[in-house]
Amino acid sequence: MTRTIPLFLSSAPVLALAGLLAGGCVIDLGGLGGSASDTGTAGPASTGEAQSTGDAPTTGDASTTGEPGDVPPEQPPAPAMPAGEGIHVAPTGDDASGDGSPGAPYRTIQHVLDDVAGAGAVVLLHAGTYEEAIRIRHSGLTLQSAPGEHAHIACPVSIDEDAPILCVEIDAETAGVTLRGLEVSGGFYSVYLGSQWDYDDSPLDNLAAHDVLIEDCVLHDSGRDVVKVPAGCDDVTIRRCEIYNSGKGYPPETPQEEKNAEGVDAVNADRMHVVDTYVHDTATSCLYVKGGSIGTIVERTRAERCGDLGIVLGFDTSPEFFDLQANPDYYESIGGVVRNCVVADTGLAGIGLYAARDAHVLHNTVIRGGTAGQAGIYLGVATQDYAPEAGRPANTNPTIVGNIVDQSGLAAPVCFGIRHSVEDELGALSGLSGPATIADNLYFAGDAPCLFDDRRPDSLYEGTDLAAWQAHAAGFDAGSQLADPQLTADGHLAATSPAVDARAATPGVAYDIDGAARSGSYDLGADEL
């Protein structure tokens, strides 16, 4: 059976570590079936094998069901729980004479994955650089740096769409895989989750990697996306990671509009959770979850210096990647939550909603969002490849409360924008339909006026008068204010900020960007003093 690697699914602080250490990494894009050694067991060393295949969720993270009004409780930061025993691999080891013990480690990761490890195994990588692309074919497997050590899986940057290097690939037939404490660099994608999405109308029959946990990892310098989560890869958690330098395969003169290289690109990935993570310096968008994804949570995450979008629920996806049984209207995102995040210096929208239903944007701080266009908070439209069968719904029933948008320093700052467009083939497309809960936000643009822009014909408004903005449509931005939030460079509040204690407790919000518990009246934005 052949595998198809979907490269494009639509038409449309840890210190950064040193750059890529190039090596001769290649990956076989041939048959999907595992080798005869896939059922192999470990040698004399302890394997840490479990009986479970990992089919049950492995992270215990809260998620939404996508039902209207459903906002899961925010959980405190999860503790690190690295395994201490397993199959040992070291750059000084030997695949022929090693037995996987601490004193006789193996040399290469793929040798262990193919010929030693089985389902539920723990593979411990000792300090050093492993110049190999790897493919994980066992459910329940944990691949991590040995406790107290730092392992780096390094591949050359790849931009060849016909033979992409997948630096760490998690096979479509696996569940419950964990990557922990690793540095991964290079590849077309640095981390790729396998999917056999077959473009038909029965997506529940498709195999896809699921229940994947990526924690305490540094992922960077990919040719295109750093982390790619294709259609059907559900229950993926990324926590306490640093993700940066996507799109390193593009020549320096490449126009921005010709780039497609996100920090995290997830398509139709239900219950995805990104938490306590830092995404920065991406060629295009820092993070989006689209294609009909249900129950996304992005929280306590920083997104900075994003070439295009910052953090987005939905965007623009080709129709064949939607699950029409769960989502017949082609919503790009259902029941997603973005809370307690700091987003700074984005080319396009700081926080965006595209064809999202029942989204919650709660207590985020946006700084200089949309330097090249759009707005700090932006409700956009999806064209979905202009396909006649696609739904292209407007954003519906969003809740946008308790946020700070500080556009200081921008020449033409747009604080909040709602798009409306009329396309020759498609007719009218709107960024918002029906009622919305928008309240208790704080806007500021320094010496320039803060622009509010609603392009919908029935509620057209473009201006800098907050009171007029609030009155132009029913219920808009009640309790919101124009004032200097007095932010530090990293988005924290001064004690004298008007954002302090400015709102009663918000359901679904319990912590701030630093994981500190909120109590009493809440501060606006991502920080709680």
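Described below are features of the structure shown in this document. Keep in mind that what you see is a predicted model, and the values were worked out from it rather than measured. (Residues numbered from 1 in each chain as written. Predicted model: local features only at pLDDT ≥ 70, side-chain atom pairs only at ≥ 80, totals over all residues. Heavy atoms only, no water.)

**Some thoughts on the overall build of the protein chain**
In step 1: Looking only at helices and strands, the protein chain features 2 helices and 42 strands.
In step 2: Accessible area of the protein chain: about 18,400 Å², with a carbon and sulfur share of 52%. (Helix = DSSP H or I, 4+ residues; strand = E, 2+ residues; numbered from the N terminus. Areas by Shrake-Rupley, 256 points an atom, 1.4 Å probe, with all protein chains shown as cover.)

**Side note on the nonpolar core**
In step 1: With 87 residues, the main nonpolar core has Leu-125, Leu-143, Ile-153, Leu-179, Ile-238 and Phe-416 as its most contacted residues.
In step 2: Ignoring any residue separated from it by four or fewer positions in sequence, one finds Ile-153 in contact with Ile-109, Leu-125, Tyr-130, Glu-132, Ile-134, Leu-143, Cys-167, Val-168, Leu-182, Glu-183, Val-184 and Ser-185.
In step 3: Counting 10 residues, the second largest nonpolar core, distinct from the first, contains Leu-309, Phe-315, Ala-349 and Tyr-354. (Core = buried A, V, L, I, M, F, W, Y, C linked by side-chain atoms within 4.5 Å. Buried < 20%, exposed > 50% of the residue type's maximum accessible area, 1.4 Å probe, protein only. Contact = heavy atoms within 4.5 Å.)

**Thoughts on the pairing of strand β27 (residues 351–354)**
In step 1: Residues Ile-351 and Leu-353 line one face of β27 and the alternating positions Gly-352 and Tyr-354 line the opposite face, and both faces are buried.
In step 2: Pairing geometry for strand β23 (residues 311–313) and β27, over 3 bridges, is parallel. Looking across to β27, one finds that Ile-311 is bridged to Ile-351.
In step 3: In this sheet, strand β31 (residues 377–380) lies alongside β27 in parallel orientation, the contact comprising 4 bridges. Across the sheet, Ile-351 pairs through a bridge with Ile-377, a residue of β31. (Pairing = 2+ DSSP bridges.)

**So, the pairing of strand β7 (residues 166–170)**
In step 1: Counting buried positions over the 5 residues of β7 gives 5, a clear majority of the element.
In step 2: By the bridge criterion, 3 bridges tie strand β4 (residues 134–136) to β7 in an arrangement that is parallel. Its bridge partner lying in β7, Arg-135 is registered against Glu-169.

**Thoughts on unusual backbone geometry**
In step 1: You will see that Arg-300, though not glycine, has its phi angle at about 50 degrees, which is positive.
In step 2: Among the structural elements, Arg-300 can be located in the loop between β21 (297–299) and β22 (302–306).
In step 3: Even without a glycine there, the phi angle at Gln-374 is positive, about 70 degrees.
In step 4: Examined against the element boundaries, Gln-374 turns out to sit in the loop between β30 (365–369) and β31.
In step 5: The class of Gln-374 is partly exposed, set by a relative accessible area of 26%.

**Observations concerning the pattern of salt bridges**
In step 1: As enumerated under the stated definition, the model contains 25 salt bridges in all.
In step 2: One salt bridge connects Arg-180 with Glu-215, and the closest N-O pair in it is separated by 2.5 Å. Note that Arg-180 is positioned in strand β8 (residues 178–180) and Glu-215 in strand β11 (residues 212–215), a separation of 35 residues in sequence.
In step 3: You can call Glu-215 buried: its relative accessible area is 1%.
In step 4: Close ionic contact of Arg-503 with Asp-440 constitutes a salt bridge, the shortest N to O distance being 2.5 Å. Residue Arg-503 is found in the segment after β42 (481–482), and its partner Asp-440 is found in the loop between β37 (437–439) and β38 (442–444); the two are separated by 63 residues along the sequence. Across this residue pair, the class does not change: Arg-503 and Asp-440 are buried. (Salt bridge = Lys/Arg side-chain N within 4 Å of Asp/Glu carboxyl O.)

**A word on the sheet that holds strand β33 (residues 404–406)**
In step 1: Reading across the sheet, the 12 strands line up as β3-β6-β9-β12-β15-β18-β22-β26-β30-β33-β38-β42 and stay open at both edges, with parallel pairing between neighbours. In this open sheet, the two strands that pair with only one neighbour each are β3 (128–130) and β42.
In step 2: As paired elements, β3 and strand β6 (residues 151–157) share 3 bridges and run parallel to each other. Within the sheet, the bridge partner assigned to Tyr-130 lies in β6 and is Ile-153.

**What about the packing of aromatic side chains?**
In step 1: Going through the model one piece at a time under the given rule, you end up with 11 aromatic pairs.
In step 2: Centroid distance Phe-315 to Tyr-354: 5.0 Å. Interplanar angle 75 degrees. Geometry classified as edge-to-face. Highlighted residues: Phe-315 in the loop between β23 and β24 (333–334) and Tyr-354 in strand β27, separated in sequence by 39 residues.
In step 3: Looking at Tyr-354, the relative accessible area reads 4%, which means it is buried.
In step 4: A ring pair is formed by Phe-322 and Tyr-330, whose centres lie 5.2 Å apart and whose planes are at 65 degrees; its orientation type is edge-to-face. In this structure, Phe-322 and Tyr-330 share a single accessibility class: buried.
In step 5: Grouped by ring-pair contacts, the aromatic residues Phe-416, Tyr-443, Phe-452, Tyr-461, Trp-469 and Phe-476 constitute a single cluster.
In step 6: Just above the ring of Tyr-331 sits the side chain of Arg-357; from NZ or CZ to the centre is 5.9 Å.
In step 7: The ring of Tyr-522 has Arg-518 sitting right over it, with the charged end atom 5.6 Å from the ring centre. (Phe/Tyr/Trp six-rings, centres within 6.5 Å; stacked < 30°, edge-to-face > 60°. Lys NZ or Arg CZ within 6 Å of the ring centre and 35° of its normal.)

**Describing the state of the cysteines**
In step 1: This model, assessed by the stated rule, comprises 3 disulfides.
In step 2: Here Cys-286 is linked by a disulfide to Cys-306, with a sulfur-sulfur distance of 2.1 Å. As the torsion about the S-S bond is roughly -95 degrees, the Cys-286-Cys-306 disulfide counts as left-handed. Separated by 20 residues along the polypeptide, Cys-286 in the loop between β18 (278–282) and β19 (287–290) and Cys-306 in strand β22 bring together distant segments of the chain.
In step 3: Shown here is the disulfide that connects Cys-415 with Cys-450, its sulfur atoms set 1.5 Å apart. With the S-S bond torsion at -135 degrees, the cross-link from Cys-415 to Cys-450 turns out left-handed. (Disulfide = S-S within 2.5 Å.)

**Comments concerning the environment of Val-264**
In step 1: Turning to its location among the elements, Val-264 is positioned in strand β16 (residues 264–267).
In step 2: A relative accessible area of 0% places Val-264 in the buried class.
In step 3: With 23 residues separating them in the primary sequence, Val-264 and Leu-287 have C-alpha atoms 4.7 Å apart.

**What to know about the sheet that holds strand β28 (residues 356–357)**
In step 1: The sheet built from 3 strands is open, its strands ordered β20-β24-β28 with parallel pairing. Only two strands of the sheet have a single neighbouring strand rather than two, namely β20 (293–294) and β28.
In step 2: Direction of pairing for β24 relative to β28: parallel, over a ladder of 2 bridges. Of the residues in β28, the one forming a bridge with Ser-333 is Ala-356.

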